[in-house]
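Analysis of the macromolecular model
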Amino acid sequence: MTVPRLHSQAIESLLQSDGMPYERAARFGTLGRRSLLALRRALAHHPEPLTPAQVLTHDMVRRRLLLLNSWNGDSREDRRVVGQCLGLEYEALQERARELAVGADIPFLGNLEEMWHVLAVEDAWTLLGTSLTSDDFHAFRTAALEVLTETDPTLALDPAERWKAGLVGARRRSSETLRSGLAQSLALLGSMGEELRGPVGVTGDRWARLVVRDLLQHANADDTYSLWRSLGDVLTLLAEAAPEEFIEAMHQGLSGTTPLHAGMFTDSQPNSMGLGPSSPHTRFLFALEILAWSPEHLDDVVDVLTALAVVDPGGRLSNRPLASLVGILSAWAPNTTARPEDRIRVIQRLMRRHPAVGRKLLLQLIPDGHAVQMVHPGPRFRDWKINIAVTPHDRWSVTTAVADLLLDELSAAPELYVDLIDKIDDLPPKHRAEVARRLTELADGPEDDAQRAVLHHALRDQISRHEEYSDTAWALPADELRPLQAACKALEPQDPVQRHAWLFQAHWITLGDIKRRDNFAAYDAEILARRATAVGETLANGGLAALVELASATEFADLVGIALAEHSGDHDQELLSWIEGDDSPAREIAAGYLRRRLWTQGNELRDRLLSLTEVPQTQATVLRLSPEAASAWSKLDELSPEVAGHYWREFSYYGLGSDFPRSLDAARSLLSAGRPAAALDLILLYDRKAGSGAEAAEIVVTGLENLIAATLNDPEIGRLSSRFQDLFALLARHHEHIGRQRILSLEWQLFPALGFEAEAPILQQTLVEDPEAFAELVTWAFRSSTSEEDLGDTVEPENRRNIASRAYRVLSALRRCPGLTADGILDPVVLRTWVITARAELAARDRARAGDVQIGQVLACAPRDQDDLQIPETVRDLLEEINSSDLERGLSIGIYNKRGVTSRGLLDGGAQESELARAFREQAERVRVWPRTRKLLKALAESYEADARREDQEAERRHQGLE
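Just so you know, these numbers come straight off a predicted model, no measurement behind them.

Quick notes on the overall build of the protein chain
- Within the protein chain, the regular secondary structure consists of 47 helices and three strands.
- Dimensions of the protein chain, computed from C-alpha atoms along their principal axes, come out at roughly 105 × 90 × 50 Å.
- Surface accessibility of the protein chain: about 45600 Å² in total, with carbon and sulfur atoms responsible for 51%.
- Of note, the protein chain has its 107 positive side-chain charges centred 4 Å away from the centre of its 145 negative side-chain charges.

Details of the sheet that holds strand β3 (residues 115-118)
- Reading across the sheet, the three strands line up as β1-β3-β2 and stay open at both edges, with antiparallel pairing between neighbours. Of all strands in the sheet, those bounded by a partner on one side alone are β1 (70-72) and β2 (109-112). Neighbour to neighbour, the strand axes of the sheet diverge by 15° on average, direction disregarded.
- Where β1 and β3 come together, three bridges link them in antiparallel fashion. Considered in β3, the bridge of Trp 71 is made with Trp 116.

Brief notes about the side chain of Asp 886
- Examined against the element boundaries, Asp 886 turns out to sit in helix α45 (residues 885-898).
- The contacts of Asp 886, once residues within four sequence positions are left out, are Arg 849, Asp 852 and Val 853.

Remarks on a negative patch on the surface
- Negative charge collects at one region of the surface, where Glu 244, Glu 248, Glu 296 and Asp 300 lie side by side.
- Within the element layout of this structure, Glu 244 appears in helix α13 (residues 243-253).

What to know about the packing of helix α15 (residues 298-311) against helix α16 (residues 321-329)
- At a closest axis distance of 8 Å, the pairing of α15 and α16 adopts a crossing angle of 150°. One finds that α15 runs roughly antiparallel with respect to α16. Once α15 is placed against α16, the crossing between them reads as left-handed. Contact residues: Leu 298, Val 301, Val 302, Leu 305, Thr 306, Leu 308 and Ala 309 in α15; Pro 321, Leu 322, Ser 324, Leu 325, Ile 328 and Leu 329 in α16.
- When the residues that make up the contact of α15 with α16 are grouped by side-chain class, the tally is eleven nonpolar, two polar and no charged.

Overview of the pairing of β2
- Bridge analysis of β2 against β3 gives four bridges, and the strand direction is antiparallel. Pairing of Leu 109 across the sheet is with Val 118, part of β3.
- Between the end of β2 and the start of β3, which pair antiparallel, lie two residues, with Glu 113 showing a positive phi angle near 55°.

Re the environment of Ala 401
- For Ala 401, the location among the structural elements is in helix α19 (residues 392-409).
- Sequence spacing of Ala 401 and Pro 771 is 370 residues, and the spatial spacing of their C-alpha atoms is 80 Å.

A short note on the nonpolar core
- With 138 residues, the main nonpolar core has Leu 704, Leu 731 and Phe 774 as its most contacted residues.
- Among residues more than four places away in sequence, those in contact with Leu 731 are Ala 697, Val 700, Val 701, Leu 704, Ile 738, Ile 743 and Leu 746.

Observations regarding the side chain of Ser 279
- In this fold, Ser 279 is placed in the loop between α13 and α14 (281-291).
- Polar side-chain contacts of Ser 279 include one of 3.1 Å to the backbone nitrogen of Thr 266.
- With residues up to four places along the chain from it excluded, the contact list for Ser 279 reads Met 264, Phe 265, Thr 266, Asp 267 and Leu 317.

Things to note about α16
- Of all the nine residues making up α16, eight are buried; the element is thus mostly covered by neighbouring parts of the structure.
- Lining the buried residues of α16 we find α14, α15, α17 (340-353), α18 (355-365) and α19.

Notes on the pattern of salt bridges
- According to the stated counting rule, one finds 72 salt bridges in the structure shown.
- Among the ionic pairs, Glu 341 bridges to Arg 339, the shortest N-O distance being 3.5 Å.
- Ionic pairing is found between Glu 409 and Arg 359, a salt bridge with its closest N-O pair at 2.8 Å. Note that Glu 409 is positioned in helix α19 and Arg 359 in helix α18, a separation of 50 residues in sequence. For the pair shown, Glu 409 and Arg 359 are each scored as buried.
- Connected through shared salt-bridge partners, Arg 899, Arg 904, Glu 913, Asp 947, Arg 950 and Glu 951 make up one network.

Concerning the packing of aromatic side chains
- This structure, assessed with the given rule, holds 16 aromatic pairs.
- A ring pair is formed by Phe 137 and Trp 207, whose centres lie 4.5 Å apart and whose planes are at 15°; its orientation type is stacked. Of the two residues, Phe 137 is situated in helix α8 (residues 134-148) and Trp 207 in helix α10 (residues 204-220); the sequence distance between them amounts to 70 residues. No difference in accessibility class separates Phe 137 from Trp 207, as the two residues are buried.
- Ring plane angle 25° and centroid distance 5.6 Å describe the contact between Tyr 647 and Phe 651, whose orientation is recorded as stacked.
- Using a relative accessible area of 1% as the deciding quantity, one classes Tyr 647 as buried.
- Here Phe 651 falls in the buried class, since its relative accessible area comes to 6%.
- A network of ring pairs unites the aromatic residues Tyr 225, Trp 228, Phe 246 and Phe 284 as a single cluster.
- The ring of Trp 508 carries the charged tip of Arg 516 above its face, separated from the ring centre by 3.4 Å.

Things to note about unusual backbone geometry
- The backbone phi angle of Glu 113 is positive, close to 55°, even though this residue is not glycine.
- Position of Glu 113 among the secondary structure elements: in the loop between β2 and β3.
- The backbone of Tyr 225 sits at a positive phi, close to 70°, despite the residue not being glycine.
- Residue classification places Tyr 225 among the buried positions, given a relative accessible area of 3%.

Here's the deal with the environment of Asp 607
- Here Asp 607 shows up in helix α29 (residues 603-611).
- For Asp 607 and Leu 820, which are 213 residues apart along the polypeptide, the C-alpha to C-alpha distance reads 62 Å.
- Separated by 3.1 Å, the side chains of Asp 607 and Arg 606 make a polar contact.

Focus: helix α4 (residues 60-68)
- By the criterion of burial, α4 is predominantly enclosed, with eight of the nine residues buried.
- If you check which residues of α4 are buried, you get Val 61, Arg 62, Arg 63, Arg 64, Leu 65, Leu 66, Leu 67 and Leu 68.
- Put simply, Asp 59 is the residue that caps the front of α4, since its side-chain oxygen is 3.3 Å from the backbone nitrogen of Val 61.
- Count one or two residues on from α4 and you reach Asn 69, which has phi positive near 75°.

Conventions and cut-offs
- Residues numbered from 1 in each chain as written.
- Predicted model: local features only at pLDDT ≥ 70, side-chain atom pairs only at ≥ 80, totals over all residues.
- Heavy atoms only, no water.
- Helix = DSSP H or I, 4+ residues; strand = E, 2+ residues; numbered from the N terminus.
- Areas by Shrake-Rupley, 256 points an atom, 1.4 Å probe, with all protein chains shown as cover.
- Lys, Arg positive; Asp, Glu negative; His and termini not counted.
- Charge placed at Lys NZ, Arg CZ, Asp CG, Glu CD.
- Pairing = 2+ DSSP bridges.
- Axes fitted to C-alpha atoms, helices over the stretch in contact; angles between N-to-C directions.
- Contact = heavy atoms within 4.5 Å.
- Patch = residues over 30% accessible without salt bridge, like charges linked within 9 Å, V, L, I, M, F, W, Y side chains within 5 Å.
- Salt bridge = Lys/Arg side-chain N within 4 Å of Asp/Glu carboxyl O.
- Parallel < 35°, antiparallel > 145°, perpendicular 65-115°, else oblique.
- Left-handed = near helix turned anticlockwise from the far one by under 90°.
- Nonpolar A, V, L, I, M, F, W, Y, C, P; charged D, E, K, R; others polar.
- Core = buried A, V, L, I, M, F, W, Y, C linked by side-chain atoms within 4.5 Å.
- Buried < 20%, exposed > 50% of the residue type's maximum accessible area, 1.4 Å probe, protein only.
- Polar contact = N/O pair within 3.5 Å; in protein donor to acceptor, adjacent residues only side chain to side chain.
- Phe/Tyr/Trp six-rings, centres within 6.5 Å; stacked < 30°, edge-to-face > 60°.
- Lys NZ or Arg CZ within 6 Å of the ring centre and 35° of its normal.

Okay, here's the thing in structure tokens:
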């Protein structure tokens with residue numbers, strides 16, 4: 001009876017539920033998938049009775065295969081290296097490997113396709129490690145250095161082009177399987193230490209250290225940094241194999257004025273797709289994080305990470321050396337087994353040597369209730385990572401030590417005060433009180449009001465937040481807030497501008513004593529009153545010039561103007577003149593002031609303001625700030641056309657209400673002002689009336705034509721984004737009014753803007769109604785198959801390429817089938833006529849083969865019949881009649897592509913593809929009357945069966961830990 005393999009995750013889950021640590025359970029899950037007998041031996045308290053008899057035969061082949069660990073038999077270079085290491089022709093070795101992969105008990109080797117691996121590697125080392133000879137080690141060393149010093153050829157490619165590496169054949173000669181196997185052997189040698197003594201008493205870890213030392217010396221000698229970067233895939237294993245050698249090599253590469261290891265940071269600039277490229281430094285951080293689990297290596301790891309933090313230029317990835325330090329030395333979830341006192345000692349040492357990095361570290365080590373702490377992976381073969389509970393006392397001792405160090409740094413780095421204020425509720429109570437005391441004392445020192453303002457505003461924000469949410473468990477009690485309130489009062493700036501700037505940093509400000517969540521209206525009234533009082537005090541102290549200074553110190557200058565209008569309405573004339581100026585803060589103050597005044601005083605004030613100026617742009621601004629847009633438009637008719645031009649060029653159409661009644665009028669005016677993208681966006685936002693559809697369509701078609709005339713150089717075109725399809729859907733509903741040819745031209749010209757799965761209704765409907773139009777597009781998209789005829793004779797080469805690319809995209813996006821009635825029924829006569837006509841036209845244009853492929857893809861969109869077969873009867877009849885392998889190939893491609901994007905778990909395998917293959921085989925048996933259709937469906941089934949096997953193999957490799 002054949003017993004199916006156990007699921008690796010099921011084994012892992014069971015072992016974890018029995019208390020086994022995650023990483024060890026994951027390794028045993030992989031082993032159990034490889035061999036249940038091997039898992040039994042690994043878990044046994046007394047494994048001796050389960051020891052395979054053949055393992056006791058310590059022959060050279062077993063020993064050296066143990067050292068090589070794994071290889072890919074499909075790789076020519078792997079075959080050469082393995083054969084050379086064993087001194088055998090690979091064919092002879094392969095036969096021996098097959099013998100070692102079978103047996104009633106635990107086989108020595110496992111293989112999946114041609115990926116060979118020692119089945120239970122740790123157990124095999126226990127059994128065979130002591131029999132290794134000096135010759136074995138020398139052969140292994142030669143293979144390891146040869147394979148692992150090979151640089152990655154993809155590094156020679158431009159970073160933006162590296163995704164094409166497989167297409168251009170840029171890959172290492174040796175497989176990842178062989179590289180990983182050699183590195184794992186090094187890690188195992190290093191982890192066994194005194195337990196493994198080779199010839200003349202040399203221990204296993206000594207051999208590992210010699211190989212890693214030589215390897216990393218080669219890397220440090222490479223000024224291009226290519227070898228270090230090429231070692232990224234095995235870096236964690238090399239660090240585990242020889243920690244001291246790895247750390248020493250890191251130190252060497254970080255020495256000098258231009259450290260070699262500065263080359264590991266390559267994620268500063270986004271690539272051509274706007275994404276930050278992967279960066280080698282993450283692999284180095286993983287390796288160092290693994291070593292940090294050992295208290296023995298903690299000091300060295302922290303030194304290296306600190307040096308990396310110094311040279312780190314920053315980048316788009318969140319994995320940074322400083323983040324690794326925070327994770328390792330964390331007060332509440334440290335990624336090391338070092339004792340709290342040892343972590344404190346390391347932190348103190350770091351502060352002495354690198355205070356700038358240390359200050360950043362200290363701030364992040366203060367526990368934050370909202371922070372997320374990642375658990376770093378542990379070593380593969382060493383027992384450094386042990387689950388140790390962090391007691392409250394441990395956390396308190398580290399936090400206290402960190403807080404003490406921060407307080408000690410305040411004199412040398414007073415800028416830390418702001419950061420400490422931000423952490424004020426996370427500090428221990430005695431340190432919080434000490435910060436408050438020092439801030440109070442500091443208030444007597446700084447004469448710079450700007451410095452006082454920074455501290456005052458930061459402290460006020462924290463205090464008000466705790467007052468606002470005083471009913472929550474996390475809020476500080478009143479008695480702990482009092483010292484902070486005293487410090488805040490002492491730090492209050494003397495200058496009104498500095499004192500009140502915080503009130504205008506956002507529309508919603510946390511006041512503390514007035515809770516917004518209790519009564520929104522009361523809060524809004526109070527915040528407006530306080531701002532008006534602040535503006536009045538500032539105005540009294542320095543006049544309108546002081547208000548400009550206040551606005552310059554805030555995020556929202558218009559709030560200053562609104563508050564001024566609330567304080568006093570006596571500044572209409574002067575602030576109206578500010579609208580005409582170039583001073584941005586002053587103009588924003590004036591806009592806020594006038595908007596508030598106009599909204600409270602109405603059209604009477606509007607007309608008076610218009611009479612106070614003859615500047616068209618200022619008059620337009622007054623009308624734009626008025627609350628009633630429709631009334632303002634009426635007033636435009638009384639003013640010069642120049643006013644209307646300014647008005648519509650700067651008109652903002654957001655926030656006009658869902659029932660805005662004059663959207664079409666506004667869109668026409670925006671078109672007249674040269675803002676076609678804004679007009680189209682406004683139509684999409686506000687026009688919801690079915691009766692205005694034809695009018696809206698006319699505006700839309702004009703707007704699109706204007707965009708094309710401006711070669712899409714409208715600065716507001718980004719607002720349309722992917723909504724071009726909505727515009728074309730509107731035009732399609734009114735094509736009789738607009739004219740099909742007019743819409744067709746627009747859809748063709750703007751097709752590239754439609755994005756993925758583009759919908760161009762009229763263009764696509766034309767193609768399935770007019771076979772000559774379809775043939776024309778195929779002619780542009782594909783070259784002649786039998787002649788040198790080129791449409792470029794009458795078209796510029798660059799333009800021809802653009803047309804060809806667009807034609808191809810249109811054909812690829814076509815998801816309609818000719819012959820469909822309005823009810824979605826397929827008319828056989830219409831479909832056949834379209835296909836025959838299109839094929840004749842394509843043959844006349846010397847595009848018969850390419851045309852048949854494209855026709856086949858169109859036929860894949862035909863709806864199913866009542867028999868629910870993938871290919872309806874009408875199409876089946878056409879296949880038999882036409883007898884074209886190209887058309888059938890296109891139909892297969894179309895059916896395959898209709899499936900779209902799929903998703904699956906890493907270990908799911910090809911279950912989806914197997915089900916599809918079964919369905920296609922079943923359908924093939926049901927269409928025996930149509931032999932060509934049957935053949936096509938069987939081919940699809942075979943294709944999906946091959947996909948299923950490939951997915952199963954990839955999942956199995958993951959199950960067995962081979963990927």
